[in-house]
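# Structural description and commentary
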Amino acid sequence: MTEYTEISTVSKGLFVFIPGLPPRSLTTRAPWKTLVDRLRADLEPNWRVEVFEHELTATSREDLDDVVRRLAAQMRDWTGELSTDVEPPDGIIIAGHSFGGILARAAYLLDATAPDATNTDRDEHPWTGLLKRIVLLGSPNSGYRTDARKTPLRWRLAYALATPFFDFTFEKVMAGGYWITDLRLRWLEAFRSASDRPRVIQILGTSDPLVTHADVIDQKFMPRTKVYEIPNADHRGLIEVDAAPDPDRRYRQLKDAILGRPDETFDDELIRKSGPTAFILHGIRASALGTWVEDLGADFAAASGHADDEETLVINPDTGYFSALEFALPGTRRRKVHEFLRLYGEAYATRDPEQFVFAGHSNGTYMMAQSLDRVPAMRFKRIYLAGTVLPRRYEWQRVFENEQIGHRGEAGWQAGEVRIDRATRDVPVGILCSWLRGLGSADVGTAGVDGFENISGRAIDQHRRVPGGHGAALKSPEQLREIAGYLAQDSVAVDRASRRASSAPTTAAASSSSAPATATATAGMTPAAAPGAAPGAERSGPGWGERLFNGASRFVGLRPVAWILLLGLGALAATGLVKLGRAKGAKVAVGTGAAAGIGFWALLRSI
């Protein structure tokens, strides 16, 4: 047998193959069978060849973390960690095709030593130290793209129709999915923080439309990696040796790539770009508040003051028009998060995540919070929220404890800061979100009006109250420049008085408490509520309009009231349709339809 680079000194090896998702027809021979059989014949007797068959399909609903734990436990068993009747190997190669490569990465990270301070309470399992090569055959680092050519129709239909209601395998490993994004971030962090990781080999087919070089861009920013291209191989043909025009030649190409050639070299590792990176997310309509996103991005770039060798990047995706009705549906509002996560993952691969900051308005704050909740490896140095639609009891304490707000510096982990600007008459937050919460949507709420609870001891500043509606905090150039300055600072000291004001109850009654502050007054804020109010100044109490608004907000959020309102709206709509059907005359029909259309349009444009 040819002497291969990574395994030439292995006398007792273990080769593990993990298939991808199965073909549609279960009666056909598995496309990987011939490849594995030929490798077994060439590697024995010095190597033992095993196959881990996960038995998942694209629409399986099994928890992927359970599958990963099952694979990791199987690796421990195959390497003699669980029983004495198995001779431990002195070298291991794991190869996974497509989805199988994703499982291979996850199992390795589960049992390997965690980078930095993550999960330091566990020890590394011995098999991860024996791993020579992780071979990924047509396996995307960032997940699968639904817009990729040749994406199976059943995958697209499952995502389009069912994933808002069910967590299918395909959604979890789709580009921008919660599970695959968290894996991607941990994978990049693990290989950047340690020098003793196994070599990672990516094998691509030049005719594979499902997984391309764009889907494995992470390899370029990781050490000890190599990308091989197999000519004229598509996604399935990459491992289906028998289907190749010259099966023997295809096998030799795959074998050399999997086992490693004697003259194998590393690909050049690209260095991540340094410099501040700001993620700015608008609400459900980019045009609702003019050009505040672009203006804030320009102000942030101007305020960053980075070094000559650094580059400021502003990421402000346009997630398109998003109606209030769509926001009211849990499935549709959660799906918007995937595009944000995809962009975050790309930035994490190519830039320094210790300099990430976030600013969001309305639904943008929801997307950020959902991401932090579902992607534990995600983090920001500093966060700014305006018109937030989050619940008052959002678990900021857990987010801080998970070290998702802050950055790692020379002195270790340094906790970051969160700033929330609240509006006094924010109808979409105070009325719509209160109503949705009364209907059972626990992931939205009225924090944009009432503030967050249970934030004592955290660097969270929410004592600013801006007179006006949903976008009041973002309307003036002076306000945007002040926000940009907050995001761009290396360190922001939240004074103790602000922290006390932030942690105090923030109902209308509590808003009359005193709140000394230290910063410069911000345009558009009432003098008593602005951070620049004179020390000892008393905050003026709410007027009758604000009191009435707060009372209406609490009223529509009561569960019985919320459901009565919903049923009442449904009954009115049904009655209107019946009467419209019975109406005689074109004028009545046209008039009723126009009135209904205008009312519906007004609802959709309310945020």
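Note that the structure is a prediction, hence the values are computed from the model and not measured.

Let us now look at the overall build of the protein. Along the protein, the regular secondary structure elements total 21 helices and 14 strands. Within the protein, the fraction of its 607 residues that count as buried is 51%. Only carbon and sulfur atoms are counted for the fraction: they give 54% of the accessible area of the protein, which is about 26,500 Å².

As a further point, take unusual backbone geometry. Backbone torsion omega between glutamate 44 and proline 45 reads 10°, so that peptide bond is classified as cis. On the secondary structure map, proline 45 appears in the loop between α1 (33-43) and β2 (47-51).

Let us look at the sheet that holds strand β14 (residues 460-466). Pairing in this open sheet of 6 strands is parallel, and the strands run β8-β7-β9-β10-β13-β14 from one edge to the other. The outermost strands of the open sheet, each flanked by one partner alone, are β8 (313-315) and β14. Here the average twist between neighbouring strands, direction ignored, is 15°. In the sheet, strand β10 (residues 382-386) pairs with strand β13 (residues 417-423) via 5 bridges, with the strands oriented parallel. Bridge pairing links tyrosine 384 to arginine 419 in β13. In the packing of helix α9 (residues 292-304) onto the sheet, contacts are made with β7 (277-281), β8 and β9 (356-361), and the angle to β7 comes to roughly 165°. Its contacts with the sheet place helix α12 (residues 337-350) against β7, β8 and β9, and it is angled at close to 175° to β7.

Turning next to the packing of aromatic side chains. Enumeration over the complete set of coordinates arrives at 15 aromatic pairs. Taking 6.0 Å as the distance between ring centres and 85° as the angle between the ring planes, the aromatic pair formed by phenylalanine 279 and phenylalanine 340 counts as edge-to-face. Taken together, the residues span a long stretch of sequence, with phenylalanine 279 in strand β7 and phenylalanine 340 in helix α12 at a distance of 61 residues. Since its relative accessible area comes to 1%, phenylalanine 279 is described here as buried. Phenylalanine 340 sits in the buried class, given a relative accessible area of 1%. Aromatic pair tryptophan 396 and phenylalanine 452: ring centres 5.5 Å apart, planes at 85°, arrangement edge-to-face.

Next up on the list: helix α7 (residues 178-193). An ideal rise of 1.5 Å per residue puts 22 Å on 16 residues; α7 measures up with 23 Å between its terminal C-alpha atoms. Taken across its 16 residues, α7 has 13 buried, putting it largely inside the fold.

On to the confidence of the model for the protein. Residue-level pLDDT values for the protein average 80, and 76% of them are 70 or greater. When pLDDT is averaged over each element of the protein, strand β1 (residues 13-18) comes out on top at 96 and helix α18 (residues 496-503) at the bottom at 42. Here residues 492-523 scores under 50 on pLDDT; set against residues more than four positions off or in separate chains, the count is 65 contacts. Between residues 603-607, whose pLDDT stays under 50, and residues either more than four places distant or in other chains, the model counts 15 contacts.

Conventions used here
Residues numbered from 1 in each chain as written. Predicted model: local features only at pLDDT ≥ 70, side-chain atom pairs only at ≥ 80, totals over all residues. Heavy atoms only, no water. Helix = DSSP H or I, 4+ residues; strand = E, 2+ residues; numbered from the N terminus. Buried < 20%, exposed > 50% of the residue type's maximum accessible area, 1.4 Å probe, protein only. Areas by Shrake-Rupley, 256 points an atom, 1.4 Å probe, with all protein chains shown as cover. Pairing = 2+ DSSP bridges. Axes fitted to C-alpha atoms, helices over the stretch in contact; angles between N-to-C directions. Contact = heavy atoms within 4.5 Å. Phe/Tyr/Trp six-rings, centres within 6.5 Å; stacked < 30°, edge-to-face > 60°. Expected span 1.5 Å × (residues − 1). pLDDT = per-residue confidence, 0-100.

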